[in-house]
Amino acid sequence: MNAYVEKTEQQYLKAIQREKDRANQEANYLRTHDPLTGFLNKQSIAGQLEAWGTIYSRYALMHFDCEQFNLINQHFGYDVGDQLIVEASKRIQDHVNRDRLCARIGADDFLVAVPVSCREEAIRIANDLIAWLSMPYSVNGATIRLSGNAGITLYPDDSRLPARLPGLAESALKEAQKRNEAIAIFDANHHHRLQRRIDLQMGLKRALEENELEIYFQPQFSVKGRELAGYECLLRWNPGGSGFISPCEFIAIAEQSSLGFRIDEYVLRKCLAILQDASENLQKIPPVAINITGSHFALCDFSCKVFDLLEEYKIPASQISLEITEGVVMENSACVDRNLTRLREHGVRVAVDDFGTGYSSLSYLRRLAIDELKIDKSFIDQIENEQGAILVKAIIDIATAFDITVTAEGVETEQQLRLLDSMGCKYCQGYLLGKPMPAQDALALIE
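Residues numbered from 1 in each chain as written. Predicted model: local features only at pLDDT ≥ 70, side-chain atom pairs only at ≥ 80, totals over all residues. Heavy atoms only, no water.

Novice: Which residues make up the overall build of the chain, and what values do they have?
Specialist: Secondary structure assignment for the chain yields 16 helices and 16 strands. Referenced to the eigenvectors of the C-alpha coordinate spread, the extents of the chain come out at roughly 115 × 55 × 45 Å. Classification of the 447 residues of the chain by burial places 45% in the buried group. Taking all contacts inside the chain whose residues are at least 6 apart in sequence as the whole, residues at least 24 apart take part in 68%. Total accessible area on the chain is roughly 23,300 Å²; 49% of this is exposed by carbon and sulfur atoms. (Helix = DSSP H or I, 4+ residues; strand = E, 2+ residues; numbered from the N terminus. Buried < 20%, exposed > 50% of the residue type's maximum accessible area, 1.4 Å probe, protein only. Contact = heavy atoms within 4.5 Å. Areas by Shrake-Rupley, 256 points an atom, 1.4 Å probe, with all protein chains shown as cover.)

Spelled out as structure tokens, the structure:
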């Protein structure tokens, strides 16, 4: 009897151990594989690519992405979406009739590695696979078509570090999507530009948090008397003292992300704080112009935020001017118009910056809710030519007819200044009379 019990216990323990082993195997599988398709997952593909580097002298890694897959999920439901992904994964396995590594790294993103002899062979395989994946799918009685893009990178041509290859393939994919093309192959120059963009965006976030961005003022003068008439508030960034980064570069990056709003508030607060401190020692400070991101004017409560900041720092509305681009005033949206109207009613001046670089025409000046127009430097550079002079004179005359003040930007020569004076331009700014400088140095000009 005891022998029977002992044997039964041993069988029971073995059964438990088998169940544990099976559970461990399943857990290990789920840690390395996508449960829906059976492909490798994002975490495990890097290790497999590393091993491939010891087997194949050259292989291609292709990143495939299906377009508008979210719309398919929303229209047909997630069950249908899952079935499509399963069917697409089967097509990849069936069509790539050579050694391969397949991974699903996102909802509709696949990585496929195949040994190749050259870039042309990789492009041919990717084209064939996109064509195969784009053929109609029949799911639950519905016929659905997928379309997509692919980015390709090669080992060891683009990198000898397999762990970097997924990022390079993704960089190529983004380039294909940007150019609206089916396929793009990794381009080191494009990747470096993309990497710099990412680095600058991350650096800007840190600079805003750590108060690293500096406020500079560029003085503005009357054309006829060359007297100090105001300032333009400019932002400067010298990360770690390693050298200034062009505002044209980092402001563009900020405006294409949520950082544009944060920079606007940063500049407004910094500028108003500078004016608040200066007012304790200076009786009369000329108005300061502050550039504002175009999308900020589309926020219906933007003007209220400006008024709150003016109240917080005890700065009169007449002390500042907000500069916007032509595109903002031409947008003709209700929120933009409301903000412009409220700002001007409360005494905040509104100026159109870089006039002439957008798509507006002189005839629109009669309806723009603005106080000032700043002629772009590119026009001033041509003012000594006959056609350039005619155009600048026309802008000044029409703006003056509608009671809009004109400021010429980028004035660098005495001849340009004399011509502007003869044309009736009231104000100017540029390197001839004053370069951008730290705000405190610029305010010292008042004395």
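Novice: Requested: an account of the state of the cysteines, with residues and values cited.
Specialist: Counting across every chain of the model gives 1 disulfide. Here Cys300 engages in a disulfide with Cys335; their sulfurs sit 1.8 Å apart. You can see Cys300 sitting in the loop between strand S10 (288–291) and helix H10 (302–313) and its partner Cys335 sitting in helix H12 (residues 334–345), a full 35 residues away along the chain. Classification of Cys300 by relative accessible area gives partly exposed; the value is 36%. Residue classification places Cys335 among the buried positions, given a relative accessible area of 15%. Lacking any disulfide linkage, Cys271 is separated from the closest cysteine sulfur, that of Cys233, by 4.1 Å. Given a relative accessible area of 0%, Cys271 falls into the buried group. (Disulfide = S-S within 2.5 Å.)

Novice: Please set out the packing of helix H6 (residues 165–178) against helix H7 (residues 188–209) residue by residue, giving values where relevant.
Specialist: The contact between H6 and H7 brings their axes to 10 Å, and the two run at 95°. Regarding the angle of H6 to H7, the classification is roughly perpendicular. The residues of H7 that touch H6, namely those facing Leu168, Ser171, Lys174 and Glu175, are His190, His191 and Leu194. Across the contact of H6 with H7, the residue classes tally to 2 nonpolar, 3 polar and 2 charged. (Axes fitted to C-alpha atoms, helices over the stretch in contact; angles between N-to-C directions. Parallel < 35°, antiparallel > 145°, perpendicular 65-115°, else oblique. Nonpolar A, V, L, I, M, F, W, Y, C, P; charged D, E, K, R; others polar.)

Novice: An account of H12 is requested, with residue identities and associated values reported.
Specialist: Helix length check: H12, at 12 residues, gives a terminal C-alpha distance of 16 Å against a target of 16 Å (1.5 Å per residue), a fit within 8%. When we look at burial in H12, the residues that qualify are Cys335, Val336, Asn339, Leu340 and Leu343. Viewed end-on, H12 has its buried residues packed into an arc of 130°, placing them on one side of the element. Turned more than 90 degrees away from the buried face of H12 sit Ala334 and Glu345, all of them exposed. The inward-facing, buried residues of H12 abut H10, strand S11 (320–324), helix H11 (326–330) and strand S12 (349–355). After H12 finishes, the residue Gly347 shows a positive phi value of roughly 100°. (Expected span 1.5 Å × (residues − 1). Arc of directions from axis to C-beta.)

Novice: Before we move on, can you summarise the pattern of salt bridges with the specific residues and values?
Specialist: Scanning the entire structure with this criterion turns up 22 salt bridges. Note that Asp34 is salt-bridged to Arg104, the shortest N-O span being 3.3 Å. One end of the pair, Asp34, is in the loop between helix H1 (2–32) and helix H2 (42–52); the other, Arg104, is in strand S2 (residues 101–104), and 70 residues separate them in sequence. Between Glu232 and Lys374 there is a salt bridge; the shortest N-O distance is 3.1 Å. Remark: Lys374 occurs in strand S13 (residues 372–375) and Glu232 occurs in strand S9 (residues 228–236); sequence separation between them is 142 residues. A single network of salt bridges, built from pairs that share partners, joins Glu232, Glu323, Lys374 and Glu409. (Salt bridge = Lys/Arg side-chain N within 4 Å of Asp/Glu carboxyl O.)

Novice: Please give an account of the pairing of strand S8 (residues 214–222) that cites residues and values.
Specialist: Judged by how many residues are buried, S8 sits mostly within the fold: 8 of 9 residues are covered. Pairing of S8 with S9 involves 8 bridges; the strand directions are antiparallel. Each bridged residue has a counterpart across the sheet, and for Glu214 the counterpart in S9 is Arg236. Between the end of S8 and the start of S9, which pair antiparallel, lie 5 residues, with Arg226 showing a positive phi angle near 55°. (Pairing = 2+ DSSP bridges.)

Novice: Kindly report on the nonpolar core, identifying the contributing residues and their values.
Specialist: Among the nonpolar cores identified, the biggest contains 79 residues, and Phe217, Ile290, Phe297, Leu322 and Leu420 are the most heavily contacted of them. Considering each element in turn, this core owes the most residues, 10 residues, to helix H9 (residues 259–278). Counting residues in hydrophobic clusters, the runner-up holds 33 residues, among them Val116, Leu133, Val139 and Ile144. (Core = buried A, V, L, I, M, F, W, Y, C linked by side-chain atoms within 4.5 Å.)

Novice: Help me get a handle on the sheet that holds strand S7 (residues 183–185), residues and values and all.
Specialist: On the basis of which strands lie adjacent, the open sheet formed by 5 strands has the order S2-S3-S1-S6-S7 and mixed pairing. Every interior strand has two partners, whereas the edge strands, S2 and S7, have only one. Adjacent strand axes in the sheet meet at a mean angle of 15°, parallel and antiparallel pairs treated alike. Direction of pairing for strand S1 (residues 59–66) relative to strand S3 (residues 109–115): antiparallel, over a ladder of 7 bridges. When the bridges of S3 are listed, His63 appears paired with Leu111. Helix-sheet contacts for H2 involve S1, S2 and S3, and the interaxial angle to S2 is about 160°. Across the sheet, helix H4 (residues 78–95) is in contact with S2 and S3; its angle to S3 comes to roughly 5°.

Novice: I'd like a description of the side chain of Ser321, backed by residues and values.
Specialist: Mapping Ser321 onto the fold places it in strand S11. The contacts of Ser321, once residues within four sequence positions are left out, are Val288, Ala289, Ile290, Arg349, Val350, Ala351 and Glu372.

Novice: Tell me about the side chain of Thr153, and name the residues and values.
Specialist: Among the structural elements, Thr153 can be located in strand S6 (residues 148–155). Side chain to side chain, Thr153 and Asp158 meet in a polar contact 2.8 Å long. When residues no more than four places from it in sequence are discounted, the contact partners of Thr153 are Tyr59, Ala60, Leu61, Asp158, Leu165, Leu168, Ala169 and Phe186. (Polar contact = N/O pair within 3.5 Å; in protein donor to acceptor, adjacent residues only side chain to side chain.)

Novice: Help me get a handle on unusual backbone geometry, residues and values and all.
Specialist: In this structure, Pro156 follows Tyr155 across a cis peptide bond, with omega equal to 0°. Along the polypeptide, Pro156 turns up in the loop between S6 and H6. One non-glycine residue, Lys314, lies in positive phi territory at about 55°. Here Lys314 is to be found in the loop between H10 and S11.

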